[in-house]
Structure formats: structure tokens, C-alpha cells
Amino acid sequence: MNQVVSNIKNIPGVTGVAIFKDTGALVAFDFPPAYDKNLLNLIGLKFQPIKEILPQDEGEIVYLCWEYENLLAFYYPVDGGWVNIISSDAIPMPVFSLTMTAVAKKLPELLAGSPHLQQTGAGPGKTEEGVVLQEKVEELEKLFALYLGPASPVIFKRVAHQFGFTLNNIPSGSLKAILDGVIAKVPENKREELQGKIGTMGLGGI
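Residues numbered from 1 in each chain as written. Predicted model: local features only at pLDDT ≥ 70, side-chain atom pairs only at ≥ 80, totals over all residues. Heavy atoms only, no water.

**Looking at the pattern of salt bridges**
Right, on to step 1. By the definition in use, this model includes three salt bridges.
Right, on to step 2. With its nearest N and O atoms 3.0 Å apart, the salt bridge here joins Asp 180 to Lys 176. Of this pair, Asp 180 and Lys 176 both sit in helix α6 (residues 175-183), four residues apart, which is roughly one turn of that helix.
Right, on to step 3. Under the relative-accessibility criterion, Asp 180 is labelled partly exposed at 36%.
Right, on to step 4. In this structure, Lys 197 and Glu 193 form a salt bridge, with 3.7 Å as the shortest nitrogen-oxygen distance. You can see Lys 197 and its partner Glu 193 sitting in helix α7 (residues 188-199), four residues apart, about one turn around the helix. (Salt bridge = Lys/Arg side-chain N within 4 Å of Asp/Glu carboxyl O. Helix = DSSP H or I, 4+ residues; strand = E, 2+ residues; numbered from the N terminus. Buried < 20%, exposed > 50% of the residue type's maximum accessible area, 1.4 Å probe, protein only.)

Take a look at the structure:
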């Protein structure tokens, strides 16, 4: 994956590359320091709905491009995810097209086996330890459903998004803040009972 990022970054004029899975999870990036991982994760969440409404036939769309003064922002979809690219307006389009055609052939296979990057940490391809296991998140969703009903998964997801996470990349150090946000949606007379049940789930520090 790092080689793909490097190949794109080597296109003259390109200043930033970020690769996402269909879910919006960030899997690799090389952006200037001003674009921290929190911001890139939010970009993934904002762009993910675009992938859902695009035509499924690859022949119908190659990429989307936005122009901001002397900068260009590209959204390049591939099977399994997409690539966001920032470049100067002097980018040589023939080189861009050739490079991205090669990337589109190689990237889907790489995306299928790539773990997403976590909210903190540095550099392409590095992940953070201490991420809450998906099974634990699913247990919590079921528990909250007893107090919030069918809306529980939606509320849980929205609160996680407010902190810049998806439900499959919540760092353990941020779980308490997210749970507090969801608990605030529970009727006040049920909150203490809910917190007691959470305490029996083996979530250290909660």
C-alpha cells in the first residue's frame, strides 16, 4: 500500500494522497503535517456517501475534481474504496491518468487485505494498539438498545462520528467519551442502571 501512495505522490504537483475503504476508513496517507489524521478520518466520513451514489459501472465515471484557486482536489473511486488527492493546478494530466489507471488495477486487491489506520499515530501503514474490538462495540450497541430502542445503533454511530470515528475504529482511550455522549441520550432515571451494566462488561477505565 505504501508503494501505491508513493507512486501517486511522485506525480509532479501532487501534495497529498489519502486512501480509504468503502466504509470511509483511512488505510494509508501521505499529506502535509497541517492535515492530521483526525482531519483525514473526517474526510473519509464525509466522502463515504459519495461512493454509495456513484454509478457502479467503472466506465461511467473516472474521477471527480474540484478546483480551489490554484489547487485541485481529486476523488478517484476504485473497487473497494477510493483515493483523495490534492495537487497544484500544474499537475500533468497525462501522467496523472496513466498512474491512476495502474493504481486502479492494483488497489482493490490491496484494499481487501489492508487494516484501517487508527485515529492517532503517524505515517502510512502504521496502526494504533488499544482499539476497541468490534465484538465489544456490538455488545454495547445491544445494551444501549434496551434503553434507546431501535434508534440505538444510529445514535451510537452519530456520537462516534462527532468524535471523528467510525464504529470499527474507536480507540480504547476515547470510548468513555463516546459512551458518555450516548448515555446522555438515555432517560435520566435509567442512566445509573445503564452505567452499572457497562461496568460489568470488562471495559477497563470506563
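What follows picks up the thread again.
**Quick notes on the environment of Leu 110**
Right, on to step 1. Examined against the element boundaries, Leu 110 turns out to sit in helix α3 (residues 93-112).
Right, on to step 2. In this structure Leu 110 comes out as partly exposed when scored by relative accessible area, which is 27%.
Right, on to step 3. Put simply, Leu 110 and Gly 80 are 30 residues apart on the chain and 9.3 Å apart in space, counted from C-alpha to C-alpha.
Right, on to step 4. Among all residues touching Leu 110, those that are not within four sequence positions of it are Met 1 and Val 4. (Contact = heavy atoms within 4.5 Å.)

**Side note on the confidence of the model for the protein chain**
Right, on to step 1. On average, the protein chain scores 80 in pLDDT, and the residues at 70 or more come to 83%.
Right, on to step 2. Ranking the elements of the protein chain by mean pLDDT puts helix α2 (residues 37-53) last with 79 and strand β5 (residues 81-88) first with 93.
Right, on to step 3. Confidence over residues 119-129 falls short of pLDDT 50; this stretch has 28 contacts with residues more than four positions distant or in other chains. (pLDDT = per-residue confidence, 0-100.)

**Description of the packing of aromatic side chains**
Right, on to step 1. Per the counting criterion, the structure on display carries ten aromatic pairs.
Right, on to step 2. Aromatic side chains Tyr 63 and Phe 74 sit 5.6 Å apart centroid to centroid with 70° between the ring planes, which places their arrangement in the edge-to-face category. Taken together, the residues Tyr 63 in the loop between α2 and β3 (64-68) and Phe 74 in strand β4 (residues 71-78) connect sequence positions eleven residues apart.
Right, on to step 3. Aromatic side chains Tyr 76 and Phe 96 sit 6.4 Å apart centroid to centroid with 75° between the ring planes, which places their arrangement in the edge-to-face category. A residue pair is termed long-range when its members are at least 10 positions apart, and Tyr 76 in strand β4 and Phe 96 in helix α3 qualify at 20 residues.
Right, on to step 4. One aromatic cluster is present, formed by Phe 20, Phe 47, Trp 66, Tyr 75 and Trp 82 through successive ring pairs. (Phe/Tyr/Trp six-rings, centres within 6.5 Å; stacked < 30°, edge-to-face > 60°.)

**Some points on the pairing of strand β1 (residues 14-21)**
Right, on to step 1. With respect to burial, β1 is a largely interior element, six of its eight residues being buried.
Right, on to step 2. Both β1 and β5 contribute to a ladder of seven bridges, which runs antiparallel. Along β5, the bridge assignment pairs Ala 18 with Asn 84.
Right, on to step 3. Pairing of β1 with strand β2 (residues 26-30), which is carried by four bridges, proceeds in the antiparallel orientation. Residue Phe 20 lies in a different strand from β2, and its bridge partner there is Leu 26.
Right, on to step 4. Here β1 hands over to β2 after four residues, with Gly 24 in that stretch at a positive phi of 95°. (Pairing = 2+ DSSP bridges.)

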